[in-house]
Amino acid sequence: MIIVLLGPPGTGKGTQAAAIKERFSLPHISTGDIFRKNLADGTPLGLEAKGFMERGELVPDKLVLELVEDRLKNPDTEKGFLLDGFPRTEVQATQLDKALSSQGTGIDHVVLLLVPDEVIVGRLSGRRVCKSCGHVWHMDFNPPPAGGTCPDCGGEVYQRADDMAEAIENRLLVYKKETGPLISYYEAKGLIRQIDGNQSPQLVQEAIFKALG
Ligand code: AMP
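So, here's what we can say about the structure. Just so you know, these numbers come straight off a predicted model, no measurement behind them. (Residues numbered from 1 in each chain as written. Predicted model: local features only at pLDDT ≥ 70, side-chain atom pairs only at ≥ 80, totals over all residues. Heavy atoms only, no water.)

### Considering the site of the ligand
Thought 1: Lining the immediate environment of the ligand, one finds 16 residues, of which Thr31, Arg36, Glu57, Gly85 and Gln92 sit closest.
Thought 2: The backbone of glutamate 57 places a nitrogen or oxygen atom 2.6 Å from an oxygen atom of the ligand.
Thought 3: Between the ligand and arginine 171 there is a distance of 3.4 Å, counted from an oxygen atom to a side-chain nitrogen or oxygen.
Thought 4: Within the complex, 95% of the 480 Å² of free accessible area of the ligand lies under protein.
Thought 5: Per-element tally for the shell around the ligand: the top contributor is helix H2 (residues 31–41), with four residues.
Thought 6: Looking at side-chain class alone, the shell around the ligand contains six nonpolar, four polar and six charged residues. (Near = heavy atom within 4 Å. Polar contact = N/O pair within 3.5 Å; in protein donor to acceptor, adjacent residues only side chain to side chain. Areas by Shrake-Rupley, 256 points an atom, 1.4 Å probe, with all protein chains shown as cover. Helix = DSSP H or I, 4+ residues; strand = E, 2+ residues; numbered from the N terminus. Nonpolar A, V, L, I, M, F, W, Y, C, P; charged D, E, K, R; others polar.)

### Examining the packing of aromatic side chains
Thought 1: One pass over the full model with this rule turns up two aromatic pairs.
Thought 2: Ring centres of tyrosine 185 and tyrosine 186 lie 5.1 Å apart, and the angle between their planes is 75°; on these two criteria the pair is classed as edge-to-face. Of the two residues, tyrosine 185 and tyrosine 186, neither departs from the other in class, the shared state being buried.
Thought 3: The ring of phenylalanine 52 has arginine 55 lying over it, and the distance from NZ or CZ to the ring centre is 5.6 Å.
Thought 4: If you follow lysine 131 out to its NZ or CZ, it ends over the ring of tyrosine 158, 4.8 Å from the centre. (Phe/Tyr/Trp six-rings, centres within 6.5 Å; stacked < 30°, edge-to-face > 60°. Buried < 20%, exposed > 50% of the residue type's maximum accessible area, 1.4 Å probe, protein only. Lys NZ or Arg CZ within 6 Å of the ring centre and 35° of its normal.)

### Description of the state of the cysteines
Thought 1: Applying the stated criterion across every chain, the model contains zero disulfides.
Thought 2: The thiol of cysteine 133 is not disulfide-bonded; the next cysteine sulfur, from cysteine 130, is found 3.8 Å away.
Thought 3: Taking relative accessible area as the criterion, cysteine 133 reaches 41% and is therefore assigned partly exposed. (Disulfide = S-S within 2.5 Å.)

### Looking at the side chain of threonine 11
Thought 1: Along the chain, threonine 11 turns up in the loop between strand S1 (2–6) and helix H1 (13–24).
Thought 2: In this structure threonine 11 comes out as buried when scored by relative accessible area, which is 2%.
Thought 3: Of the polar contacts made by the side chain of threonine 11, one reaches the backbone oxygen of proline 8; its length is 2.8 Å.
Thought 4: Beyond its immediate stretch of four places on either side in the chain, threonine 11 contacts Leu113, Val115, Ile120 and Arg123. (Contact = heavy atoms within 4.5 Å.)

### Topic: the sheet that holds strand S7 (residues 157–158)
Thought 1: Taking strand neighbours across the sheet as the criterion, the three strands line up as S6-S5-S7 in an open arrangement whose pairing is antiparallel. At either end of the open sheet lies a strand with only one pairing partner, and these are strand S6 (136–138) and S7.
Thought 2: Direction of pairing for strand S5 (residues 127–130) relative to S6: antiparallel, over a ladder of three bridges. Within S6, the residue paired with arginine 127 across the bridge is histidine 138. (Pairing = 2+ DSSP bridges.)

### Focus on the pairing of S5
Thought 1: Side chains of S5 alternate between two faces, with Arg127 and Val129 and Arg128 and Cys130 buried alike.
Thought 2: Count of turn residues in the S5/S6 antiparallel hairpin: five residues, of which glycine 134 carries a positive phi of about 85°.

### As for the pairing of strand S4 (residues 109–114)
Both faces of the sheet carry side chains from a regular strand, because those side chains alternate between them.
Thought 1: Where burial is concerned, most of S4 is hidden: five out of the six residues are buried.
Thought 2: Pairing of S1 with S4 involves four bridges; the strand directions are parallel. Residue leucine 5 lies in a different strand from S4, and its bridge partner there is valine 111.
Thought 3: Relative to strand S8 (residues 192–196), S4 runs parallel, the two being bridged by five bridges. Bridged to valine 111 within S8 is arginine 193.

Worth remembering: the numbers are spatial, not functional.
Shown next, in the form of structure tokens:
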């Protein structure tokens, strides 16, 4: 099964991806996570992506497409996979369709998570993340432990540069302009499963599982 998770930043895609991955035994491919790992490791790809990421802009399609193409060659994707944060532009979406149809396969479901903008801003600006294992906290609802060290792995708990106010605003604008059109693109193919993301993670998860059948 091939699933795409679509929706603005801060709608809970990462949280729900973990649940979908577990339930359907699919590899979770997050282009944002791959870029952050490359950034942390100081690879040439990470350095190329750094500025775009910090400003909340999209990394150029060419770089993203090379990365995804490479990742999809991994044999763990043979029985399907879950894409999170990709595609984000029409060029990415059409290239993905081409690559999949050349292998005689295609996307089964596009899960569209929707949350009002003001809720997104509150979620992202309060978000804190472990630099090593990716554990997520929120300053108001689930504050990280004092001292800035992750209790799971000892990594540094930090605020992503793109979770700062200015970058959040930019990410929402970029989403509307570049990624928004993908909704009608996938709607025309009958693939959109729209989910209300403005409820508890448990309820969102139940709604997604129901939609995926
Ligand atoms: P995310 O964690 O998915 O919000 O991604 C973090 C950042 O990585 C984004 O703001 C972009 O700068 C970059 N990025 C991740 N996925 C893509 C993509 N599919 N296309 C372009 N840029 C991306």
